[in-house]
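Coordinates in review
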Amino acid sequence: MPAEVDVIIIGAGVVGLAIAAEVSQFNKNVFVFEKNRTFGLETSSHNSEVIHAGMYYPENSFKAKFCVRGNKLLYEICRKFNINHKKLGKLIVAADDVESKEVDRLYRQGIKNGVAGLRILARDDIKRLEPNVNIVAALLSPSTGVIDSYNLLRCFYGRAKENGAEFIFNTEVIGIERKNGTYRVDIRDDEGISSVTAKVVINAAGLFSDRIAQSAGIDPVKAGYRLHYCKGQYFSLDPGVGHLVRRLVYPVPEQAGVGIHITLSVDGSVRLGPDTKYVDKIEYTVNENDKADFYRAAHRYLPSIAPDDLAPDFAGVRPKLQGLGEGFRDYVIRDESDKGLPGLINLIGIESPGLTASPAIAEYVAGLTSEALN
Ligand SMILES: Cc1cc2nc3c(=O)[nH]c(=O)nc-3n(C[C@H](O)[C@H](O)[C@H](O)COP(=O)(O)OP(=O)(O)OC[C@H]3O[C@@H](n4cnc5c(N)ncnc54)[C@H](O)[C@@H]3O)c2cc1C
């Protein structure tokens, strides 16, 4: 590993990998540091694998823009690189009149955000599409789908490597210091602590991105970068009842998440989740006692399931800027020039729809990187 490089990316989740694939197209001196033994072992492999459409987020927010663009780019990438995916479509369902109003609001928001093909369906249309779902109205989003996320990550990894980017695994970034117009990045690996100098540092460290920003001298509380961990658990649905739906079925969203929904994966398995629980620690156990809540949530719109159809599956942890009870927070994606740190690009709070948005975020960050290098 050379002592001086152009670009260091911290983190090989879907976002770091997508950025590596994009930036390495125009710069051959890109190094990715990942603390785990390989890529994608954290949030990028603990999610619903849904290609979102983009109707949940305020107009012109990064979440809205990058989700809508990412949706288009992901389908192109899937086709070009042969990644398993299914454009199943999704229903956001209303079980009563109050929820119907929320469905209408999401429809209008989706139209403003440029989501294609949205349609409000009445009870009869819904019965034709999803005979087992019992609801009064629904929003149909035809461009929502599911993807084999492991193969998406592998695709970004392979493209970055082909372009000459280097991946250094089992190596944790422990400090960043601006010195003489560049950054000294301290790393810890099996051989101890050493440092590398870089012109541009991209912080794509997911659940740890606020700490990385702090290690570069940014006060996370003052900057509004402090992350809150919000766990999401999943229960699998017995294959015998999995056939009850043909599309993804979501309730109207709740405060911190999109609500316990029914997801079909590309391999045909069906699961319920994720729920939302703010936690102090990152850990991935599923609490069997929560089964009753999942059953109640899904039974409202899928009355033919029974509690025994559910089994604990897996969990993920969201890196949220929004604390419990707080309002919408957008992604932080910025070059920190105004904090005296030009060429430090922070990505903080990259929760859902981060998988969908990853190729669009990568385009944007490649632009920031190119400006910082020139
Ligand atoms: C329950 C759940 C469901 C979701 N569902 C969806 C969905 O259906 N669709 C969708 O679009 N999005 C979804 N998301 C969001 C999506 O999974 C994330 O936005 C995305 O995976 C974030 O990727 P990332 O690369 O930023 O983070 P990560 O995947 O967490 O990667 C960050 C990497 O940085 C590394 N790292 C951290 N600190 C250091 C350090 N100091 N040194 C070196 N390496 C470091 C970590 O080891 C990790 O590999 C979901 C998220 C959750 C939790």
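Conventions used here
- Residues numbered from 1 in each chain as written.
- Predicted model: local features only at pLDDT ≥ 70, side-chain atom pairs only at ≥ 80, totals over all residues.
- Heavy atoms only, no water.
- Core = buried A, V, L, I, M, F, W, Y, C linked by side-chain atoms within 4.5 Å.
- Buried < 20%, exposed > 50% of the residue type's maximum accessible area, 1.4 Å probe, protein only.
- Helix = DSSP H or I, 4+ residues; strand = E, 2+ residues; numbered from the N terminus.
- Contact = heavy atoms within 4.5 Å.
- Pairing = 2+ DSSP bridges.
- pLDDT = per-residue confidence, 0-100.
- Near = heavy atom within 4 Å.
- Polar contact = N/O pair within 3.5 Å; in protein donor to acceptor, adjacent residues only side chain to side chain.
- Areas by Shrake-Rupley, 256 points an atom, 1.4 Å probe, with all protein chains shown as cover.
- Nonpolar A, V, L, I, M, F, W, Y, C, P; charged D, E, K, R; others polar.
- Domains from an automatic or database assignment.

A look at the nonpolar core
Within the largest apolar cluster, 49 residues are counted, with the highest numbers of intra-cluster contacts made by I19, L152, F167, I202, I333, L347 and I361. Elements with a minimum of two residues in this core: β1 (4-10), α1 (14-23), β2 (30-33), α2 (62-80), α5 (149-162), β12 (192-203), β20 (341-348) and α10 (354-373). Non-local contacts of I333, meaning those with residues more than four positions away in its chain, are made with F62, F66, N346, L347, I350, I361, Y364 and V365. Formed by 48 residues, the second largest nonpolar core is a distinct cluster that contains A53, A137, V245 and L264.

Examining the sheet that holds strand β4 (residues 85-86)
An order of β3-β8-β4 is seen for the 3 strands of this open sheet, with the pairing classed as antiparallel. On the outer flanks of this sheet lie β3 (50-51) and β4, each paired with one strand and no other. Note that β3 and strand β8 (residues 145-147) share 2 bridges and pair antiparallel. Following the sheet pairing, V50 is matched in β8 by V146.

Thoughts on the confidence of the model for the protein chain
For the protein chain, per-residue confidence averages 95 on the pLDDT scale, and 99% of positions sit at 70 or higher. Mean pLDDT values for the elements of the protein chain range from 83 in helix α8 (residues 239-242) up to 99 in α1.

Concerning the site of the ligand
Taken together, 39 residues lie near the ligand, and E34, S44, V50, I350 and T356 sit nearest. With respect to the ligand, the backbone of G354 contributes an N or O atom lying 3.4 Å from an oxygen atom. Here L355 contributes a backbone N or O atom positioned 3.2 Å from an oxygen atom of the ligand. Burial of the ligand by the protein amounts to 98% of the accessible area it has alone, namely 1000 Å². Those elements that provide at least two residues to the shell around the ligand are α1, β10 (172-179), β18 (310-320) and α10. Tallied by class, the residues present in the shell around the ligand amount to 17 nonpolar, 15 polar and 7 charged. Among the domains, domain 1 (4-46 + 151-226 + 328-373) and domain 2 (90-142 + 228-320) are the pair contributing at least three residues each to the shell around the ligand.

As for the pairing of strand β19 (residues 332-336)
Along any regular strand, the residues point their side chains to alternate faces of the sheet. By the criterion of burial, β19 is predominantly enclosed, with 4 of the 5 residues buried. With 5 bridges connecting them, β19 and β20 associate as antiparallel partners. Each residue of the ladder has a partner; that of V332, found in β20, is I348. Between the antiparallel neighbours β19 and β20 lie 4 residues, among them G340 with a positive phi of about 80 degrees.

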